[in-house]
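# Chain and residue survey
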Amino acid sequence: MCSVTDGPLHVGSEMMNDKLVFLGLLYFVQGIPYGLQSSLLPVYLRGAGHSLTRIGFTKILYFPWVLKVLWAPLVDRMGTKRRWLVATVSGLALTCLGSSALAPEMHIWGVAATLLAMNTLASVQDIAVDGAAVGLLKGRGELGLGNTAQVVGYKAGSVFAGGGLLAVIDVAGWSWMFTLLAFVYAGVALFVWGAPVLDDEPARGQQADGSRRGGQAVDGFMPWRLWRKLLAVPGTPWTVLYVLTYKLGEQGAVTMFPLFLLDHHMSARELGFWNGVIAMGFSICGSSLGGLLLAQFSIGALMRRVFVLRTISMVFQSSLLTVLEPSPLMKGMAVLSMSVQHFLGGLITTLTFTTMMHCTQRAEESIQATHYSFLATLEVLGKLTFSALAGGVVDWFGFQVAFLFFLTLSAGTALHVWTATFTGALREHQIKEQPK
């Protein structure tokens with residue numbers, strides 16, 4: 001009897017592990033362009049004497065992530081997720097291989113083109129892997145673990161590219177760094193081509209083929225009908241407003257505080273280690289904890305408490321801006337502040353993407369990848385717009401006034417979430433998802 005009952009459990013656990021490895025690896029390579037652009041490029045440009053405003057405007061290279069909702073229906077309707085994933089990851093490998101021949105000091109526009117191409121390919125890859133995740137993950141337990149794999153994998157890729165490579169680029173050089181990335185992407189492309197978790201995908205595609213031809217093809221010619229479908233999914237209006245605003249204050253602080261430290265307290269190498277590796281390590285821990293807590297508590301209850309803690313941590317970080325003289329104590333407090341901020345930010349991100357996926361699973365199957373891409377696009381749009389403007393705010397008003405503004409935004413988001421747990425969309429999660 002033991003072997004009979006343990007068999008299905010063992011198979012189920014093995015299948016879940018396969019799903020987590022598959023999703024984690026794909027989100028890992030998806031996080032590499034973000035790490036290059038968010039951690040390596042700003043420090044490189046600031047060290048070369050560029051203004052914070054100009055550094056902020058480099059965020060425009062993320063623009064393909066804002067446009068991905070336009071081609072998400074194409075990924076939903078044409079081909080398979082496996083083919084889209086293999087094509088995009090292979091394209092990333094070729095892009096990195098081409099970039100390895102550049103000298104960044106002489107070809108800054110070539111570097112910008114490389115990052116733009118990487119963001120474009122990664123945004124298409126994101127649509128495919130999100131669509132695969134929505135279909136693969138079943139139940140609250142799998143959703144929590146799957147979204148943890150998503151956030152942790154993405155941030156691990158960001159740490160690898162933005163922290164690890166920043167720490168060694170002076171020694172290894174630009175060409176070696178991008179050659180290594182090309183081999184990483186090529187290996188992942190081969191892995192996805194043979195991944196067993198997508199073996200049943202053609203069957204799912206054939207089952208949905210009739211609805212795609214009858215409904216979604218019409219929507220392709222009448223986009224407004226598709227938009228109405230997306231917004232009609234229960235919980236979507238609140239989720240839209242939330243994903244547009246939940247990171248505003250935090251994003252400004254996370255983007256500008258390391259540059260404040262670069263101006264007054266730390267070298268680029270120190271920042272690469274403390275902010276690019278250690279603080280991001282705390283972010284990964286927070287994201288991992290989010291998945292574990294979701295198995296025990298409701299999303300609403302967790303979000304209400306964590307958003308208040310994030311606001312408190314921003315008060316502490318803002319107070320450090322008054323200390324301009326370098327000292328070991330200030331460095332220690334700065335590292336503590338960044339670590340706490342990234343830990344809470346990682347926890348919030350896991351809760352947010354789980355909330356988004358809950359909302360998407362209420363949509364009909366033929367538009368799920370498009371619906372999730374719609375929410376994910378707005379999430380990126382909110383962060384991207386504010387990140388691009390944060391440098392200008394600091395240049396115009398100074399760090400202290402800018403961080404007071406960031407703090408106000410963070411407190412407003414905490415109030416928005418707190419209200420929703422009692423009267424809005426998150427109240428439903430608390431009622432239906434009490435721990436057993």
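Every chain is numbered independently, its residues counted from 1 as its sequence is written. Given that the model is predicted, a residue must reach a pLDDT of at least 70 before its local features are reported, and side-chain atom pairs must reach 80 or more before they are shown or counted; all residues, however, enter totals for whole chains, interfaces and linings. To obtain the side-chain values, all non-hydrogen atoms of the structure were used and water was disregarded.

### Observations regarding the overall build of the protein chain
Where we set the bar: In this text, helices come from DSSP runs of H or I with a minimum length of four residues, and strands from runs of E with a minimum of two, each type numbered from the N-terminal end. With a 1.4 Å probe rolled over the protein chains alone, any residue whose accessible area is under 20% of its type maximum counts as buried; one over 50% counts as exposed, and the rest are partly exposed. Whether two residues are in contact is decided by their heavy atoms: any pair within 4.5 Å suffices. Values of accessible area rely on a 1.4 Å probe in the Shrake-Rupley scheme; residue burial ignores everything except the protein chains shown.
When helices and strands are counted, the protein chain shows 17 helices and zero strands. Within the span of the protein chain, comprising 436 residues, buried residues form 53% of the whole. By sequence separation, contacts in the protein chain at least 24 residues apart represent 87% of the contacts at least 6 residues apart. Carbon and sulfur atoms make up 71% of the accessible area of the protein chain, which totals about 18,500 Å².

### What about the packing of aromatic side chains?
The description of two aromatic rings rests on the distance between their centres and on the angle between their planes. Heads up, the rule is: Aromatic pairs are defined between Phe, Tyr and Trp rings, using the six-membered ring for Trp, whenever the two ring centres lie within 6.5 Å; interplanar angles under 30 degrees are classed as stacked, those over 60 as edge-to-face, and all others as tilted. By definition here, charges over rings are those cases where NZ of Lys or CZ of Arg is within 6 Å of the ring centre and within 35 degrees of the ring normal.
Throughout the structure, instances matching the rule amount to nine aromatic pairs. Taking the centre distance of 5.1 Å and the plane angle of 10° together, the rings of Trp238 and Tyr242 count as stacked. A residue pair is termed a helical-turn pair when its members lie 3 or 4 positions apart in one helix, as Trp238 and Tyr242 do in helix H11 (residues 236–245) at four residues. Each member of the pair, Trp238 as well as Tyr242, is classed as buried. Look at Phe257 and Phe403: their rings are 6.3 Å apart centre to centre, the planes differ by 65°, and that puts the pair in the edge-to-face class. Note that Phe257 is positioned in helix H12 (residues 248–264) and Phe403 in helix H16 (residues 368–423), a separation of 146 residues in sequence. Grouping aromatic residues by their ring pairs yields a cluster made of Phe257, Phe260, Phe399, Phe403, Phe405 and Phe406. Sitting over the ring of Trp418, Arg304 keeps its end group 5.3 Å from the ring centre.

### Re a nonpolar patch on the surface
To be explicit about the condition: In this scheme, patches are assembled from residues that exceed 30% relative accessible area and form no salt bridge. Like charges are connected within 9 Å, while nonpolar side chains (Val, Leu, Ile, Met, Phe, Trp, Tyr) are connected within 5 Å. A carboxyl oxygen of Asp or Glu within 4 Å of a side-chain nitrogen of Lys or Arg is what we treat as a salt bridge.
On the surface, a nonpolar cluster with roughly 470 Å² of combined accessible area is contributed by Val308, Leu309, Ile312, Trp418 and Phe422. If you list the elements that add at least two residues to the nonpolar patch, you get helix H14 (299–319) and H16. The biggest single contributor to the nonpolar patch is H14, with three residues. Position of Phe422 relative to the elements: it lies in helix H16.

### Section: H16
Rules: A helix is expected to reach a length of 1.5 Å times the quantity of its residues less one. One axis is fitted to the seven residues ending at the residue and one to the seven starting there. The bend at that residue is the angle between these axes.
Given a rise of 1.5 Å per residue, 56 residues ought to cover 82 Å, yet the end C-alpha atoms of H16 are separated by just 27 Å, more than 12% below that figure. A bend of about 120° at Gly398 is the largest found in H16.

### Points about the packing of H12 against H16
Heads up, the rule is: Geometry is summarised by axes, namely lines fitted to C-alpha atoms with helices restricted to the contacting stretch, and by angles between N-to-C directions that run from 0 to 180 degrees. Should the near helix be turned anticlockwise from the far one by less than a right angle, the crossing is termed left-handed; should it be turned clockwise, right-handed.
Two elements in contact, H12 and H16, have axes whose closest approach is 7 Å; the angle formed by their N-to-C orientations is 65°. The hand of the H12/H16 crossing is right-handed. Contacts between H12 and H16 involve Leu248, Gly249, Gln251, Gly252, Ala253, Thr255, Met256, Phe257, Leu259, Phe260 and Asp263 on the former and, on the latter, Gly382, Lys383, Phe386, Ser387, Ala390, Gly391, Val394, Phe399, Phe403, Phe406, Leu409 and Ser410.

### Here's the deal with the nonpolar core
Selection criterion: Nonpolar cores were defined as sets of buried Ala, Val, Leu, Ile, Met, Phe, Trp, Tyr and Cys residues, with membership established by side-chain atoms within 4.5 Å.
In this structure, Phe22, Leu36, Tyr185 and Tyr242 are the most contacted members of the largest nonpolar core, which totals 77 residues. Broken down by element, the residue count for this core peaks at 12 residues, all from helix H5 (residues 108–136). Counting residues in each nonpolar core, the second largest holds 27 residues, with Met314, Leu321, Val393 and Phe403 among its members.

### Let's talk about the pattern of salt bridges
Overall, the coordinates contain three salt bridges when judged by the stated rule. A salt bridge links Arg310 to Glu250; its shortest N-O distance comes to 2.9 Å. Note that Arg310 is positioned in helix H14 and Glu250 in helix H12, a separation of 60 residues in sequence. Within this structure, Lys247, Glu250 and Arg310 form a network of salt bridges that share partners.

### Section: the confidence of the model for the protein chain
Heads up, the rule is: The score called pLDDT rates the predictor's confidence residue by residue, from a low of 0 to a high of 100.
Averaged over all residues, the pLDDT of the protein chain equals 77, while 79% of them reach at least 70. Put simply, helix H9 (residues 209–221) is where the protein chain has its lowest mean pLDDT, 44, and H14 is where it has its highest, 90. Predicted confidence for residues 1–5 stays below pLDDT 50, and this span has zero contacts to residues more than four positions away or in other chains. Here residues 203–221 is a poorly scored stretch, pLDDT under 50, and it has 17 contacts once near neighbours within four places are set aside; other chains count.

### Some words on the packing of H11 against H16
Put simply, the rule reads: Here the word oblique covers every angle except those under 35 degrees (roughly parallel), over 145 (roughly antiparallel) and from 65 to 115 (roughly perpendicular).
H16 packs onto H11 with a crossing angle of 30° between their chain directions and a minimal axis gap of 4 Å. By the angle between their axes, H11 is roughly parallel relative to H16. Between H11 and H16, the contacting residues are Thr236, Trp238, Thr239, Val240, Leu241, Tyr242, Val243, Leu244 and Thr245 on the first element and His371, Phe374, Leu375, Leu378, Glu379, Leu381, Gly382, Thr413, His416, Val417 and Ala420 on the second.

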